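Geometric and topological summary
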Amino acid sequence: MKPLRVTRVLCPLTAGLLALTACSAPQPVAQSTSASPVPIATNSTARHFRAQVLARVPTDRADARGLELVGDLLVENTGPVIRAVAPATGEVQAQQSVRPGSGTALTPAGLWHAGVALLDPRSLAERRRATVTAEAWGLCYDGTHLVQSDGSTTLLLRDRDTAELIRELRVDAREWAAARLGELHCATVDGRPQVWAAVTGTDWMIRVDLVSGTVTADADLTAVTVAEVPTGRNQVIGGIAAVPDEAGELWLTGRHYHHRYRVRLHPRS
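Residues numbered from 1 in each chain as written. Predicted model: local features only at pLDDT ≥ 70, side-chain atom pairs only at ≥ 80, totals over all residues. Heavy atoms only, no water.

**Some points on the overall build of the protein**
Across its full length, the protein carries one helix and 20 strands. Residues counted as buried form 54% of the 269 residues belonging to the protein. Taking contacts inside the protein between residues at least 6 apart in sequence as the whole, the part at least 24 apart equals 56%. Entry remark: accessible area of the protein is about 11300 Å², with carbon and sulfur atoms responsible for 49%. (Helix = DSSP H or I, 4+ residues; strand = E, 2+ residues; numbered from the N terminus. Buried < 20%, exposed > 50% of the residue type's maximum accessible area, 1.4 Å probe, protein only. Contact = heavy atoms within 4.5 Å. Areas by Shrake-Rupley, 256 points an atom, 1.4 Å probe, with all protein chains shown as cover.)

**Here's the deal with the state of the cysteines**
A full pass over the atoms with the stated rule returns one disulfide. Across a sulfur-sulfur distance of 2.0 Å, C140 and C186 are joined as a disulfide pair. Given an S-S torsion of about 60 degrees, the disulfide between C140 and C186 has right-handed geometry. Placement of the pair is C140 in strand 10 (residues 138-141) and C186 in strand 14 (residues 181-189), with a sequence separation of 46 residues. (Disulfide = S-S within 2.5 Å.)

**Points about the side chain of D209**
Considering the arrangement of structural elements, one finds D209 in strand 16 (residues 204-209). Engagement of the side chain of D209 in a polar contact is seen with the side chain of R192, the distance being 2.6 Å. Other than its neighbours up to four places away in sequence, D209 contacts L169, R192, P193, Q194, T214 and T216. (Polar contact = N/O pair within 3.5 Å; in protein donor to acceptor, adjacent residues only side chain to side chain.)

**Comments concerning the pairing of strand 18 (residues 237-242)**
Most of strand 18 is tucked away: six of the six residues are buried. The sheet contact formed by strand 18 and strand 19 (residues 249-254) spans five bridges and is antiparallel. Among the inter-strand pairings, G239 is bridged to a residue of strand 19, identified as T253. Taken together, strand 18 and the strand that follows it, strand 19, pair antiparallel across an intervening segment of six residues, in which D245 is found at a positive phi of about 65 degrees. (Pairing = 2+ DSSP bridges.)

**Considering the sheet that holds strand 11 (residues 145-149)**
Read from one edge of the open sheet, four strands run 10-11-12-13, paired in antiparallel fashion. Single-partner strands in this sheet number two, and they are strand 10 and strand 13 (165-170). Neighbour-to-neighbour, the strand axes of this sheet turn through a mean angle of 25 degrees, independent of strand direction. When strand 10 meets strand 11, the two strands line up antiparallel, connected through four bridges. Bridging from a neighbouring strand, Y141 pairs with L146 of strand 11. (Axes fitted to C-alpha atoms, helices over the stretch in contact; angles between N-to-C directions.)

**Examining the pattern of salt bridges**
Inspection of every chain in the model, using the stated rule, returns 13 salt bridges. As a salt-bridge pair, R264 and E249 come within 2.5 Å of each other at their nearest N and O atoms. One end of the pair, R264, is in strand 20 (residues 259-267); the other, E249, is in strand 19, and 15 residues separate them in sequence. One salt-bridge network, held together by shared partners, links D60, E76, R83 and R260. (Salt bridge = Lys/Arg side-chain N within 4 Å of Asp/Glu carboxyl O.)

**Digging into the confidence of the model for the protein**
When the pLDDT values of the protein are averaged, the result is 83; 81% of them are 70 or greater. Across residues 1-28, confidence stays below pLDDT 50; counting only partners more than four residues off in sequence or on other chains, it has 73 contacts. (pLDDT = per-residue confidence, 0-100.)

Right under this line is the structure:
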């Protein structure tokens, strides 16, 4: 496995930015609000993947801190605002002001924002709040628990309805002992709950088994990171969402990224 390396941007983009239209009042987000984790049907025997960029959609360079597919729209957490955008165009369909925080996860109880506010998945209006002391760097739902990262190699598993802490899972990192886990995407691989976690400050994300804590795979995201012009040291992968019914495909975005990327994960030697 390759060692950690800091993201380095190799080529600037010159594509113009897409002007996004903000909504004055929340509108329905989606017809479907299924909260089951989307399987990423990659080769289950492979441990090493690389991302191939399939498409990119200009953004307004918001501070993306979470991405979740809700029906046919992407719900993006930008800190003080959570919004629903059309994947193919980036057009804003609905938005709502929220307290700043990172991470977004859809559960049967609703749409969790930063693990502290439960939102209506259709209107994005706040339903209620929870008391969570740990800072969320990433959030997802594995079909049973709300999974939260806090910038370390420990994952916090919480009650999906109340966000109450159930247990802590120490990631068996080994080569990734210094990893700072950020944005998360839950997936089911060979019937087991797992999570893709972006490794902050690098071109990588790793896949972790949520039962054992074992790192089961890694993915090289260089194809995405080299396409971005840095705007500051906090520019990192800030959103991961699976494309349904498409094997190994994801939407990726980042903090202040110029584009939102649709990628496919390919096994690599």
